[in-house]
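Fold and geometry: a report
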Amino acid sequence: MADLSPLIRALRLQAQACAAFGSAFSGELMDKAADDVEQGGPTLTVLAPWADQSTRAIITHAAPVRLLGAFHACALAGDAPALTAAYPAPGRPGDAQEAYAQARRLIEQRPAWFAEFMNHEPQTNEVRRSACLVGGFLTVASETGLPLRCFEVGASAGLNQLWDQFRYRLGDAGAWGEAGSPVVIETDWRGPPPPLDARVQVIERAACDRRPVDISDPAARARLRAYVWADQFDRLQRLDAAVALALAAKVNVETDDAVAWTAERAAPRAGAATVVYHSVFWQYMPQESQAALLAAINAHGAAASEFAPYAWLRMEPPPNDLANMELRLTLWPGGEERLLARVHPHGAEVKWGGG
Ligand SMILES: C[S@@+](CC[C@H](N)C(=O)[O-])C[C@H]1O[C@@H](n2cnc3c(N)ncnc32)[C@H](O)[C@@H]1O
């Protein structure tokens, strides 16, 4: 019999991560999945493709997140009413014990469906990350005094391309954005405000992803929703509002690799500040691609001028620390790198100034 301890450890780590990032219900489900594997239950059958891997590989391949997403997809679909009834709903906490009992039953009834769902790499698009990015865009607009050309790499469904059409409530720091926007983003803002009085005009926006989520496809939308943790209704509600806005605006995400696309599409141009940006994307590229993308960005930066400035804005974890995130900006000419903020991975908190 294979050593299942790396898998069990991965599920327990995922349980801790869910709880730490505000989803107690998902955390409980992950602990119950670990218990079930320990006791020889059916959960192992759907996790079998990852069962002989190291804990690190299991987490990197997001096997626990695939399982959580599969359960939530069943709960949202409505064709497993006992599972749906045990899931949290606004005003009603979930019953993780009962939910896992129901989910276990579904694993036994629908093994092929679970295998198919979990064969996909999980893909999310976190709209509240725009609350982290917005301070960077405002900084570029304020410091260059020019309209913006915005190029997003690793854009997933492309929802954060519309960052300037959302409404941001930044606590005591103030508010910014479209007053009547259907997408309202609240974040716990610490420190001084970003330059909220900057004049912002986005004159061009484009995005790429190696595997874009096609939000015009109902199945792809359902999958995107399933990866939101079940007791985080505000995230689900924001996602739905942003999807509706993006469909109406006909946002497009080009299917391309970030390196070639950035090199070809995102060069500086006179009369505007060109911004290449990304969030929670860097770690998914192999090291050679990271080096090649850095080289492409540096080459564009070297070609920048006062009339054609170039910015690289990113919300990513520091090296070897996937739990914390930073917002960094490099602005050419000059090319000085700045830490603008330390931020929560889902954008729930922004410590502006990095404090
Ligand atoms: C965790 S998601 C983040 C999506 C989005 N930026 C957000 O913050 O919600 C990472 C995205 O990067 C994309 N990706 C990974 N490597 C890529 C590459 N080399 N070129 C383009 N996209 C890539 C994935 O397909 C995925 O959509």
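Every value quoted in this text rests on a predicted model; they were computed, and no experiment measured them.

Details of the site of the ligand
Close contacts around the ligand come from 18 residues, with Q123, E126, R129, D209 and S279 the closest. Q123 is positioned with one of its side-chain polar atoms (N or O) 2.7 Å from an oxygen atom of the ligand. Take R129: an N or O atom from its side chain is 2.8 Å from an oxygen atom of the ligand. Calculation on the ligand without its partners gives an accessible area of 590 Å², and the protein chains cover 95% of this total. The class makeup of the residues in the shell around the ligand is five nonpolar, six polar and seven charged.

Quick word on helix α13 (residues 287-302)
Think of an α-helix as turning once every 3.6 residues; residues three or four places apart then point the same way. Taking 1.5 Å of rise per residue, the 16 residues of α13 would be expected to cover 22 Å, and the 22 Å separating its terminal C-alpha atoms lies within 8% of that figure. Within α13, burial applies to S289, Q290, L293, A296, I297, H300 and G301. For α13, the angular spread of the buried residues around the axis is 140 degrees, confining them to a single face. Exposed side of α13, more than 90 degrees from the buried face: Q287, E288 and A302 are the residues found there.

As for the sheet that holds strand β8 (residues 273-279)
As summarised here, the arrangement of the nine strands in space is β5-β12-β11-β10-β9-β8-β1-β6-β7, forming an open sheet in which the pairing is mixed. At either end of the open sheet lies a strand with only one pairing partner, and these are β5 (188-190) and β7 (254-255). As paired elements, β8 and strand β9 (residues 310-316) share six bridges and run parallel to each other. Bridged to T274 within β9 is Y310. Across the sheet, helix α9 (residues 130-144) lies against β1 (148-153), β5, β8, β9, β10 (325-332), β11 (336-343) and β12 (349-352), angled at about 20 degrees from β10, the strand it touches most.

What to know about the packing of helix α10 (residues 218-226) against helix α11 (residues 233-249)
Look at α10 against α11: their axes get within 10 Å of each other, and the N-to-C directions meet at 150 degrees. Considering their axes alone, α10 and α11 lie roughly antiparallel with respect to each other. You can see that α10 and α11 cross each other, and the crossing is right-handed. Contacts from R221, L224 and R225 in α10 reach L236, L239, D240, V243 and L247 in α11. In terms of residue class, the contact of α10 with α11 is made up of five nonpolar, no polar and three charged.

A few points about the pattern of salt bridges
It is possible for side chains bearing opposite charge to pair when their charged atoms get close. Following the criterion strictly, the structure yields 23 salt bridges and no others. The partner of D35 in a salt bridge is R12, with the nearest N and O atoms 2.8 Å apart. Residue D35 is located in helix α2 (residues 24-38), and its partner R12 is located in helix α1 (residues 5-20); the two are separated by 23 residues in the primary sequence. Note that E204 and R269 form a salt bridge whose closest N and O atoms lie 3.6 Å from each other. Of the two residues, E204 sits in strand β6 (residues 202-209) while R269 sits in the loop between α12 (258-265) and β8, which places them 65 residues apart along the sequence. Residue R269 is classed as partly exposed on the basis of its relative accessible area, which comes to 46%.

The rules behind each value
- Residues numbered from 1 in each chain as written.
- Predicted model: local features only at pLDDT ≥ 70, side-chain atom pairs only at ≥ 80, totals over all residues.
- Heavy atoms only, no water.
- Near = heavy atom within 4 Å.
- Polar contact = N/O pair within 3.5 Å; in protein donor to acceptor, adjacent residues only side chain to side chain.
- Areas by Shrake-Rupley, 256 points an atom, 1.4 Å probe, with all protein chains shown as cover.
- Nonpolar A, V, L, I, M, F, W, Y, C, P; charged D, E, K, R; others polar.
- Helix = DSSP H or I, 4+ residues; strand = E, 2+ residues; numbered from the N terminus.
- Expected span 1.5 Å × (residues − 1).
- Buried < 20%, exposed > 50% of the residue type's maximum accessible area, 1.4 Å probe, protein only.
- Arc of directions from axis to C-beta.
- Pairing = 2+ DSSP bridges.
- Contact = heavy atoms within 4.5 Å.
- Axes fitted to C-alpha atoms, helices over the stretch in contact; angles between N-to-C directions.
- Parallel < 35°, antiparallel > 145°, perpendicular 65-115°, else oblique.
- Left-handed = near helix turned anticlockwise from the far one by under 90°.
- Salt bridge = Lys/Arg side-chain N within 4 Å of Asp/Glu carboxyl O.

Interpretation note: all reported values are geometric properties and have no functional meaning in isolation.
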